[in-house]
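Chain residues, written in single-letter form:
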Amino acid sequence: MIFRAVCRIIALLLRLFFYHASAMPAPIVPYYRSSSRDFTLLHGDMFELLPQFSFRFDMVFADPPYFLSNGGISCQAGKIVSVNKGDWDKGRSPEQIDAFNRQWIALCREKLKDDGTIWVSGTYHNIFSVANALTALGFKILNVVTWVKTNPPPNISCRYFTYSTEFVIWARKHPKRPHRFNYELMKHINGGKQMTDVWRLPAIAPWEKSCGKHPTQKPLALLTRIILASTDSNAWVLDPFAGSSTTGVAANLVGRRFLGIEREREFVEMSRRRRQEIDNLAVFGSLRSRIKDIGLAEAQSPGLFAGEGDAAAELPF
Ligand SMILES: C[S@@+](CC[C@H](N)C(=O)[O-])C[C@H]1O[C@@H](n2cnc3c(N)ncnc32)[C@H](O)[C@@H]1O
């Protein structure tokens, strides 16, 4: 009698154990981590991965789908090309775009330190929706930077002005919690004058495509300025839509650490190659020398990209 009761309890406990074990997500295993542990890549869906771990980042940069792949055409390097970037960028209804932006921004907010900031890039297709989501979720918008491309592709329809700008919204997590802004550094980079919210920087250049092509790859100069403006050395930067990991490469070029999440295998592979490329000190030096802000920043304060920050903080996987 007692034996049977004990067996029943053991069976029940085993069933409970296996039920919970099967309901638990598998532990997170990075797709790639640099040997210096300053660059980690997760391969998967950010909506599934972000809720699975606890960690607070100093800054988030996100270049989410703009939802503009609707069968249009554009001109690139003198050739007519389709503007279809991939399934992840296919058009959705305004309501779907709003719901999408609200959902991913809420997940990222939980991963930001209380004094952290988020940068989100976009065009008119998504940027108003992003601004509304940020405000609704309690962020305070600090600036809307206009990135003026100094070499935009021509408008082949000749029926309206050439598209030559993108926007990057910068917001802090809490309306009342002070954020990091390297004001003096930005002023120095801008020749001693306050830097404005209009940044004239070239569009992506061929030297940035040495490891393959991502259809919406951002220039390293843009990401470097964003990171230098709003973080200290050793800071942790998250990019939930990493693509080819321009954010991670820029972060490492200036001594910051990076976690990127990307769903497409082709692009995590490209990201890995881009990071491994800068393990070669000659390439590391050559990329840095092509980004004007880095030279200017180092001239102002040598050693700016080393030391400080919370070097001990490590990702939980
Ligand atoms: C606009 S691109 C980012 C490009 C990146 N800034 C760069 O410089 O290479 C957006 C990326 O997000 C990825 N993506 C879309 N939905 C995703 C999701 N739910 N989770 C993770 N990645 C996603 C796409 O595959 C695409 O590579």
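Summarised in this report is the structure supplied together with it. (Residues numbered from 1 in each chain as written. Predicted model: local features only at pLDDT ≥ 70, side-chain atom pairs only at ≥ 80, totals over all residues.)

## Digging into the site of the ligand
- Lining the immediate environment of the ligand, one finds 19 residues, of which Asp63, Phe241, Gly243, Ser244 and Thr246 sit closest.
- For the shell around the ligand, the secondary structure elements donating two or more residues are helix H2 (46-49) and strand S11 (257-262).
- Looking at the shell around the ligand residue by residue, the class counts come to 7 nonpolar, 6 polar and 6 charged. (Near = placed C-beta within 6 Å. Helix = DSSP H or I, 4+ residues; strand = E, 2+ residues; numbered from the N terminus. Nonpolar A, V, L, I, M, F, W, Y, C, P; charged D, E, K, R; others polar.)

## Things to note about the sheet that holds strand S1 (residues 32-33)
- Across the sheet, which stays open at both edges, the 9 strands sit in the order S1-S2-S11-S10-S3-S6-S8-S7-S9 with mixed pairing between neighbours. With one partner strand each, in any of the chains shown, S1 and strand S9 (198-201) form the two edges of the open sheet.
- Relative to the sheet, helix H4 (residues 127-136) contacts strand S6 (112-122), strand S7 (140-149) and strand S8 (165-172), its axis offset from that of S8 by approximately 5°. (Pairing = 2+ DSSP bridges. Contact = placed C-beta atoms within 7 Å. Axes fitted to C-alpha atoms, helices over the stretch in contact; angles between N-to-C directions.)

## A short note on the pairing of S6
- The element S6 is largely enclosed, with a buried count of 8 among its 11 residues.
- Where strand S3 (residues 57-62) meets S6, 5 bridges bridge the pair, whose relative direction is parallel. Within S6, the position partnered with Met59 by the bridge is Thr117.
- Pairing between S6 and S8: 6 bridges, direction antiparallel. Across the sheet, the residue bridging to Ile118 is Ala171, located in S8. (Buried ≥ 20, exposed ≤ 12 C-beta atoms within 10 Å, placed from the backbone.)

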